[in-house]
Each structure stands twice: as structure tokens, then as C-alpha cells.
Amino acid sequence: MRVLGIETSCDETGIAVYDDQQGLLSHTLYSQVKLHADYGGVVPELASRDHVRKIIPLIQKALDDADSSQADIDGIAYTRGPGLVGALLVGASVGRSIAYAWNIPTIGVHHMEGHLLAPMLEASAPEFPFVALLVSGGHSMLVRVDGIGSYELLGESIDDAAGEAFDKTAKLLGLDYPGGPLLAKLAEQGEPGHYKFPRPMTDRPGLDFSFSGLKTFAANTIRDADNNAQTKANIAYAFQEAVIDTLIIKCRRALQQTGLKRLVIAGGVSANTALRSAMTKLMNDVRGEVFYPGLSFCTDNGAMIAYAGLQRLKAGQTTALSESVVPRWPL
Ligand code: KG4
Ligand code: ZN
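All figures in this text were calculated on a predicted structure; none of them were measured in a lab.

The rules we used
Residues numbered from 1 in each chain as written. Chains lettered and ligands numbered in written order. Predicted model: local features only at pLDDT ≥ 70, side-chain atom pairs only at ≥ 80, totals over all residues. Heavy atoms only, no water. Donors = N, O, S within 2.8 Å, 3.2 Å for Na, K, Ca; no water. Tetrahedral: all angles 85-135°; square planar, octahedral: opposite > 155°, others 65-115°. Helix = DSSP H or I, 4+ residues; strand = E, 2+ residues; numbered from the N terminus. Buried < 20%, exposed > 50% of the residue type's maximum accessible area, 1.4 Å probe, protein only. Disulfide = S-S within 2.5 Å. UniProt positions renumbered as here; feature names shortened; annotations may be inferred. Contact = heavy atoms within 4.5 Å. Polar contact = N/O pair within 3.5 Å; in protein donor to acceptor, adjacent residues only side chain to side chain.

**Here we look at the coordination of the zinc ion (ligand 2)**
- Binding of the zinc ion (ligand 2) to the protein goes through His111 (NE2), His115 (NE2) and Asp300 (OD), at separations of 2.0 to 2.1 Å.
- Geometry at the zinc ion (ligand 2) is irregular, judged from the four donor atoms that bind it and their angles of 95 to 137 degrees at the metal.
- All donors of the zinc ion (ligand 2) belong to a single chain; written as a sequence motif, their spacing is H-x3-H-x184-D. Residue His115 is located in helix α4 (residues 111-117), and its partner Asp300 is located in the loop between β10 (289-291) and α10 (302-314); the two are separated by 185 residues in the primary sequence.
- Overall, the relative accessible area of 1% leaves His115 in the buried class.

**Quick word on the state of the cysteines**
- What the rule picks out here adds up to zero disulfides.
- There is no disulfide at Cys251, and the cysteine sulfur nearest it, in Cys298, is 14 Å away.

**Description of the UniProt feature "domain: Gcp-like" (unreviewed entry) in the protein**
- Under the present numbering, the feature "domain: Gcp-like" (unreviewed entry) in UniProt falls on residues 24-307.
- Taken as a whole, residues 24-307 contains 47% helix and 17% strand, while its terminal C-alpha atoms sit 8 Å from one another.

**Observations concerning the UniProt feature "binding site: substrate" (unreviewed entry) in the protein**
- In this structure's numbering, the residues bearing the UniProt feature "binding site: substrate" (unreviewed entry) are Leu134, Val135, Ser136, Gly137, Gly138, Asp167, Gly180 and Asn272.
- For Gly180, the location among the structural elements is in helix α6 (residues 180-187).
- Assessed through its relative accessible area of 12%, Gly180 is described here as buried.
- Residues in contact with Gly180, not counting those within four places in the same chain, are Phe166, Asp167 and Ala170.
- Structurally, the position occupied by Asn272 is in the loop between β9 (262-266) and α9 (273-285).
- For Asn272, a relative accessible area of 8% translates into the label buried.
- Setting aside chain neighbours within four positions, we find Asn272 in contact with Phe166, Ala184, Gln240 and Ile244.
- A distance of 3.0 Å separates polar atoms of two side chains, one belonging to Asn272 and the other to Gln240.

Shown next, in the form of C-alpha cells:
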């Protein structure tokens, strides 16, 4: 089976072709980051229009790169939600139109399922069951995964997502949008021991997160600090250290609670190098294994949607052409 995957939930147009025998055959990605940078965040209307502009050329390129055409595509997977409604509608409409014209099935994929299965695109893929930490710009959650579609939410953020906290704190530090990777880079210059940020919700039981307090703490710290470049790097370091520590504490707890030894970290923030080394250390300590997507599949992409869609189509599931997108959709 060979599937064309379409991701347009936010500000990246991601298209890929995945084959269940040969693996990932091609993937193309167009990021709108530059378009939204002037506004300090994603402008939904501009995002939709840019998806419309780029989606067909990217599909053509992904098919060409995969040496594929109508004759060998067996299904279309598109991101059905959660995400920006206008952006989702572009991918869903184009995906359904192609499926109708080619008379093949479609499957609407949950964006976070895409993220959590992204490590399956790697040569050393995790076996089920595992605990997944999903940390993106829109979501932070811990999920017990027993198989495709068998997900138990263990905990989630009650306010800002981890990536959102990175982006908002980066903005306070005067960094461009999206600031997560830039803050991580600045933190590399930071020295430990200058600031101590709180570790939200770690002093009580449970697996939920809260990150909005960190952003407020950062705002107050920045207000009271000098404007020196080293000071800013020290603040970035302390903020990142607090996020990572919090995630480590919750992951350790989730592994204890479930008795599982396999951990998957996915979503945009899983690209963070300091987080990866801290998680690798944690899993060495508990004699477990940790799995990440490749760096280009941490953030939004079409490959994870093609992969997740193929698994569901193979299991006989489809989404009717009349079904709409779901901008707010629990996993
Ligand atoms: O998964 P993703 O591409 O989009 C959503 O589904 O939200 O995640 C994007 C988020 C942004 O908040 C971005 O700042 C963050 O992931 N991010 C990072 C890093 N790379 C991306 N945060 C911290 N360190 C990074 N290296
Ligand atoms: Zn995402």
C-alpha cells in the first residue's frame, strides 16, 4: 500500500509519500515562518492562503520524487485536526478532491497521532507499548500507547504548551518568532546557577503540566534584570533547565505509574538538544530506552501523517468525503 500524506494544520505545508514495503519514498516541506515572523505569531488567514498557493506544486514534487503517480497511490491521508480551521480545510479539500478524482479512499488523521508515531519513520522504531511525551507548540501531553489508535491520556498541560512557553519567553527575551529554537541556542551561552525558575506542579501527584507560570516568572525576571547579553543567556538557560527538569520529573513518574520502560519523545520541542540529552540520561538511569523522531520529523511534516494514515487505511478505516475537519479534537 502507498499513501500520499498532507499536513496543513498550522504554518507548514508538508507532503509525503509512504509505502508500507519500501518506507518513506519522498517528503517535501514548505515553512511559512518568514511570512508570520513580522507579526510575532501565526496569522490564520495568511496561513490558509499560503497553503493554497503551495500545496499543489508540493504534491507534484512529492509524487515526482517518489516516482509515483495516480496509478500507484492507494490512499490519501490528510490532517483532519486539531489546528487552524482554514489551514486544515486547505489540506482536507485538496486531499479529498484528489481522492474523489482518483477513486481512492481518504483518511483524516489526528495531528498529535502523527507526531506520536513519527519515531516509527526511523530505522530503530519503538515496539508497543510505550509512554509518549508529546511536546509541541499547541500541546503538551503524556500518553500511554498500546498500539495504533490505542491511546490513554495520562496527563496534559492545563494552560500553555511547552513549545508555547518557549516561544513566549523567547519573545520576552527579544528573539524572533518562533523563538523556541532561538532560545535553545541562546541557552547554550548561558551559565548555570544565576537564576532559579520554578518546576510547576512537580510538588503534587499527577501527570498534568502547567507552563504559563514560567512565562510570567520569566517576564518578572527580565523586567528586573540588566539588558546585558550574558544576562539574557543566563535567563534562557534557567528557563530551559526548568522546562526540561519538569518534563523529566513527569516522565519518570509516568514510567513508574505504567511500569513501562520505553519512552517516545515527539513534537517540535523534541528537537531540543538539551532535552534529548537529559531524557537519554533519565532512560539510562531507569535502564529503559528512549526514541525520538529524526530532527526533520520532530516539527510538523507530511511524513508522519502519511505513516499514521497508512496504518489506519491498512486496518480498514476510512473517512467519508463528506466529513469535515475538526479544529479542536482530543486524542
Ligand atoms: O510540532 P510543531 O512543529 O507544531 C505544533 O504542532 O505545534 O512544534 C512547534 C514548536 C514551537 O513552539 C517551537 O518553538 C518548538 O516547537 N521548538 C523548539 C525547538 N524546535 C522547535 N522548542 C525548543 N527547542 C527547540 N530546539
Ligand atoms: Zn505539530
